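The lines below spell out each chain.
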Amino acid sequence: MNKLRVAVLGLGRIGEFHAREFKNCGCDVVAILTKSEKTGKQKAEKLKDLYGIRTKPYWNIDLLLKENELDAASVCTPPEFHSEHLEKCLERGLHILCEKPFILDNASENYKTAEKLVKIAEKNNVCLTVNTQWPSIVN
């Protein structure tokens, strides 16, 4: 069986943790998304040094999605980018693990945005999940 090919979007502390744990689970972390070329190269080097993860850095989500055959994405970017990144990944048919909060765009539009993303996931038959340590607060 082939390894699951994953992209980690956002390489702050939680993104590094996600990359490490995907590798520990036998996945291939093939791409990372950071805010700049400089940051991307630094983070890719850090992942290689700390965990033996050899990955390609990107700072443009569209290019990352275009150049890689992926099965899943882990969305660890700042919350204001979640809806954009989720929609693009879901439209590509990727399974998603999204860090909390799921959507943080606009209080009056959050439900509509979340509903739209869930429908895209259903249409593409992919798993869309949110990582939270307090699931009892999710309504």
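Heads up: the structure comes first, above all this text.
Below you will find a few notes about this structure. Residue positions within a chain follow its written sequence, with the count starting from 1. Reporting of local features is limited, given that this is a predicted model, to residues whose pLDDT is at least 70; pairs of side-chain atoms are given and counted only at 80 or more, and all residues count toward the totals for whole chains, interfaces and linings. Only hydrogens and water are removed before side-chain values are computed, so all heavy atoms of the structure are retained for them.

Considering helix H2 (residues 37-51)
Put simply, the rule reads: Secondary structure elements are taken from DSSP: a helix is a run of H or I of four residues or more, a strand is a run of E of two residues or more, and numbering for both begins at the N terminus. Every helix has an expected span of 1.5 Å times one less than the residues it contains. Burial here depends on accessible area, computed with a 1.4 Å probe over protein chains only, as a share of the maximum for the residue type. Under 20% is buried, over 50% is exposed, and the range in between is partly exposed. The directions considered for the arc are those from the helix axis to the C-beta atoms.
For H2, built from 15 residues, the straight-helix expectation of 21 Å at 1.5 Å per residue is met to within 8% by its first-to-last C-alpha distance of 21 Å. Looking only at H2, the buried set comprises Thr-39, Gly-40, Ala-44 and Leu-47. Here the buried residues of H2 occupy an arc of 130° about the axis, which is enough to place them on one side. For H2, exposure combined with an orientation more than 90 degrees from the buried face picks out Lys-38 and Asp-49. Where H2 terminates, the next one or two residues include Gly-52, which has phi positive at roughly 75°.

Quick word on the pattern of salt bridges
Formally: A pairing counts as a salt bridge when a side-chain nitrogen of Lys or Arg comes within 4 Å of a carboxyl oxygen of Asp or Glu.
For the coordinates displayed, the defined rule picks out 10 salt bridges. Close ionic contact of Arg-20 with Glu-21 constitutes a salt bridge, the shortest N to O distance being 2.7 Å. Exposure remark for Arg-20: the relative accessible area of 26% places this residue in the partly exposed category. The residue Glu-37 makes a salt bridge to Lys-41 at a minimum N-O spacing of 3.0 Å. Placement of the pair is Glu-37 and Lys-41 together in helix H2, with a separation of four residues, close to one helical turn. For Glu-37, a relative accessible area of 39% corresponds to the partly exposed category. According to the relative accessible area criterion, Lys-41 is partly exposed, its value standing at 49%.

Points about unusual backbone geometry
What you tend to see is this: most non-glycine residues have negative phi, and most peptide bonds are trans. Cis geometry marks the peptide bond from Lys-100 to Pro-101; its omega dihedral reads -10°. The residue Pro-101 is located in the loop between strand E5 (95-99) and helix H5 (110-123) in this model. Positioned with a positive phi, Asn-125 is a non-glycine residue whose angle comes to about 55°. Here Asn-125 is to be found in the loop between H5 and strand E6 (128-131). Looking at Asn-125, the relative accessible area reads 68%, which means it is exposed.

Observations regarding the nonpolar core
Applied cut-off: Think of a nonpolar core as a cluster: buried Ala, Val, Leu, Ile, Met, Phe, Trp, Tyr and Cys residues, connected wherever their side-chain atoms sit within 4.5 Å. Residues count as neighbours in contact if any of their non-hydrogen atoms are within 4.5 Å of one another.
Within the largest apolar cluster, 25 residues are counted, with the highest numbers of intra-cluster contacts made by Leu-9, Leu-64, Leu-86, Cys-89 and Ile-96. Secondary-structure elements contributing two or more residues to this core are strand E1 (5-9), strand E2 (28-33), helix H3 (61-67), strand E4 (72-75), helix H4 (82-91), E5 and H5. Looking at this core, the element that brings in the most residues is H5, giving four residues. Filtering out sequence-adjacent residues up to four positions away, Leu-9 remains in contact with Leu-33, Ile-61, Leu-64, Ser-74, Val-75, Cys-76, Thr-77, His-85 and Cys-89. Val-8, Val-29, Ile-32 and Ile-53 belong to the second-largest nonpolar core, a separate cluster that totals 13 residues.

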